[in-house]
Amino acid sequence: MASASTFANPKFCTSTFCPKLPCSLFSPKPHVFSLPNASSSRFTTKCSLSPRPSYIPNHIPNPGYIRIFDTTLRDGEQSPGATMTAKEKIDIARQLARLGVDIIEAGFPAASRDDFEAVKSIAMDVGNAVGDDGHVPVICGLSRCNKADIDAAWEAVKYAKLPRVHTFIATSDIHLNYKLKKSREEVVAIARDMVAYARSLGCADVEFSPEDAGRSDREFLYQVLGEVIKAGATTLNIPDTVGYTLPSEFGLLIADIKANTPGIENVIISTHCQNDLGLATANTLAGAHAGARQLEVTVNGIGERAGNASLEEVVMAIKCRGQELLGGLYTGVNTRHIVMASKMVAEYSGLHVQPHKAIVGANAFAHESGIHQDGMLKFKGTYEIISPEDIGLTRSNESGIVLGKLSGRHALRSRLLELGYELETKELDDVFWRFKAVAEKKKHLTDDDLEALVSDEIFQPQVLWSLGDLQVTSGTLGLSTATVKLIGVDGTERIACSVGTGPVDAAYNAIDSIVKIPVTLLEYSLNSVTEGIDAIATTRVVVRGENSHTSTHASTGETIQRTFSGSGAAMDIVVSSVRAYVRALNKMLGFRSGAAKKATSSSVESF
């Protein structure tokens with residue numbers, strides 16, 4: 001029995017099983033090696049070392065190359081409670097560039113001034129940063145098919161080395177009749193004119209999406225797409241907007257578009273699959289197999305409703321089976337950075353990954369069954385089709401490192417690297433001192449404990465208020481009370497006392513009296529990181545201000561109120577709860593701070 005995988009890191013093959021590590025990019029041809037398992041069968045792997053082709057908006061020189069279009073910062077951020085600050089968005093964009101995605105959809109600039117400034121910052125920063133392998137990602141801004149949106153998108157992304165405007169309009173009869181209230185002829189004219197308008201601004205890279213393509217009439221779809229191609233579109237994105245199609249249907253849709261759309265040979269076909277029926281990854285792969293050469297995904301599969309096609313699932317499926325079953329398809333993603341990207345997005349968005357999530361879930365590489373464990377001990381290929389090291393993860397039981405109160409920085413840094421965290425010196429110092437404080441109370445810290453501490457120290461919003469001291473009383477003899485000391489960004493200390501229905505409620509009331517910003521607590525959840533009485537508690541809260549920040553929803557045009565999440569970790573559940581609440585307030589208060597500074601030095605006519 002043989003299995004084949006494609007390893008398409010643009011610099012090196014990083015297969016754990018590969019005896020020729022590191023494989024040179026400039027090897028004259030791919031090499032094949034065999035590794036024996038415990039029986040007489042062989043485990044054969046092919047290392048495909050094709051480089052990332054040069055970027056041409058409407059053409060890919062290598063027909064097997066798949067462009068990865070990441071929309072975590074646009075579609076992903078539309079998830080309830082997933083609002084991110086400008087700094088957090090830039091951090092994620094930098095990680096996506098390090099990951100090697102081809103296109104970063106940085107946001108919907110017309111949604112609000114905040115969104116515009118965030119996209120502009122990413123275009124200026126990440127859109128001009130050259131990676132170690134020479135890669136610079138395309139920076140894309142979303143717009144509806146109207147001039148004001150397109151103006152805003154172009155003004156935001158034009159500072160990037162490779163800017164793109166992505167414009168869309170619905171094409172299904174359901175959307176035309178009930179949302180747009182327009183005829184087919186009107187929609188064709190709008191789509192054609194707005195793509196041409198985007199090109200007239202100087203944008204050489206224009207993507208067009210017929211929203212709800214999965215439920216659109218085929219002949220009408222061919223007509224619309226043919227017209228936008230003539231108007232100058234370089235990429236045609238085919239969205240399964242409501243996650244309605246099955247893989248066989250979606251693959252046929254892509255094949256039909258490829259076969260029947262005039263001028264289709266002059267553009268790139270893309271997919272954007274929602275996960276309402278849990279089929280987003282399967283539909284995306286079916287689209288790639290049928291001829292799509294750009295795939296739109298999000299880290300951890302986050303997004304509206306049930307989310308989007310998951311970057312890590314799509315990329316690893318192509319890496320694992322692209323050579324064997326998908327006609328030699330490969331991507332330019334450096335999969336070693338997947339774990340860090342997943343953790344960063346989970347913490348900044350507040351949308352944590354379920355344990356059984358494919359590729360990045362806590363149980364993805366866990367083996368509890370005796371039969372499975374026996375097979376793993378004999379040869380890992382018996383129950384693992386990919387190696388955890390391929391995504392930047394190392395098992396703790398293979399490292400030999402047990403962390404406790406006597407452990408030093410080097411041991412901590414080594415273990416964090418194995419878990420996928422590559423921290424700077426200051427970040428490592430911050431985590432180290434929290435680690436030592438917890439280790440004084442807890443004999444040994446598990447990997448889950450370490451991840452909770454890293455999240456609590458590193459993936460946090462700009463500090464406007466920090467917790468100084470906290471004292472609470474509670475019980476059955478009277479009202480719960482709390483005394484809270486907060487320290488402002490200028491070092492000023494504020495102390496307040498309050499009562500409540502419990503210690504957490506009392507503490508939150510005291511914080512409200514200091515911050516003096518009325519908010520509504522929408523969600524509160526508390527979890528134990530590990531088993532035992534000495535476990536670290538993690539808390540997540542979601543808040544909304546009374547005079548909340550608003551933005552425009554891309555698809556519906558509705559004005560929506562932003563919500564803000566915060567997380568905290570501590571061995572004391574009240575301290576954990578207070579940390580989470582303060583951080584949610586910090587995110588809300590700091591949401592506009594970075595954008596406001598930039599707004600004083602720039603303006604956009606469309607706003």
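Residues numbered from 1 in each chain as written. Predicted model: local features only at pLDDT ≥ 70, side-chain atom pairs only at ≥ 80, totals over all residues. Heavy atoms only, no water.

(A) Representation of the sheet that holds strand S12 (residues 480-488). Strand order in the open sheet made by the 3 strands is S11-S12-S13, with antiparallel pairing throughout. Strand pairing shows two members of the sheet lacking a second neighbour, strand S11 (465-473) and strand S13 (493-500), which therefore form its edges. Neighbour-to-neighbour, the strand axes of the sheet open up by a mean angle of 20°, direction not taken into account. Across 8 bridges, the pairing between S11 and S12 is antiparallel. Bridging across to S12, Gln471 finds its partner in Thr483. Across the sheet, helix H16 (residues 573-590) touches S11 and S12, and the angle it forms with S11 is around 145°. (Pairing = 2+ DSSP bridges. Helix = DSSP H or I, 4+ residues; strand = E, 2+ residues; numbered from the N terminus. Axes fitted to C-alpha atoms, helices over the stretch in contact; angles between N-to-C directions. Contact = heavy atoms within 4.5 Å.)

(B) Main features of H16. Compared with the 26 Å implied by 1.5 Å per residue over 18 residues, the 25 Å span of H16 between its first and last C-alpha is a close match. Of all 18 residues that make up H16, 14 are buried, and the element is covered over most of its length. Looking at where H16 begins, the residue whose side-chain oxygen comes 2.8 Å from the main-chain nitrogen of Val574 is Asp572. (Expected span 1.5 Å × (residues − 1). Buried < 20%, exposed > 50% of the residue type's maximum accessible area, 1.4 Å probe, protein only. Polar contact = N/O pair within 3.5 Å; in protein donor to acceptor, adjacent residues only side chain to side chain.)

(C) Geometry of the confidence of the model for the chain. Per-residue confidence for the chain gives a mean pLDDT of 84, with 84% of residues at or over 70. The low-confidence segment residues 1-48, where pLDDT is below 50, has 105 contacts with residues more than four positions distant or belonging to other chains. In this model residues 595-607 is a low-confidence stretch, pLDDT under 50, and it forms 22 contacts with partners more than four residues away in sequence or in other chains. (pLDDT = per-residue confidence, 0-100.)

(D) The pairing of strand S10 (residues 294-297), seen in detail. Side chains Gln294 and Glu296 project from S10 onto one buried face, and the interleaved Leu295 and Val297 project onto a second face that is buried too. Where strand S3 (residues 67-70) and S10 come together, 4 bridges link them in parallel fashion. The residue of S10 that forms the bridge with Ile68 is Leu295. Pairing analysis gives 3 bridges linking strand S9 (residues 268-273) to S10, with the strands arranged parallel. Pairing of Thr271 across the sheet is with Leu295, part of S10. In this fold, S9 hands off to helix H8 (residues 280-290), which returns the chain to S10; that crossover is right-handed. (Right-handed = clockwise from strand over helix to strand, strands pointing away.)

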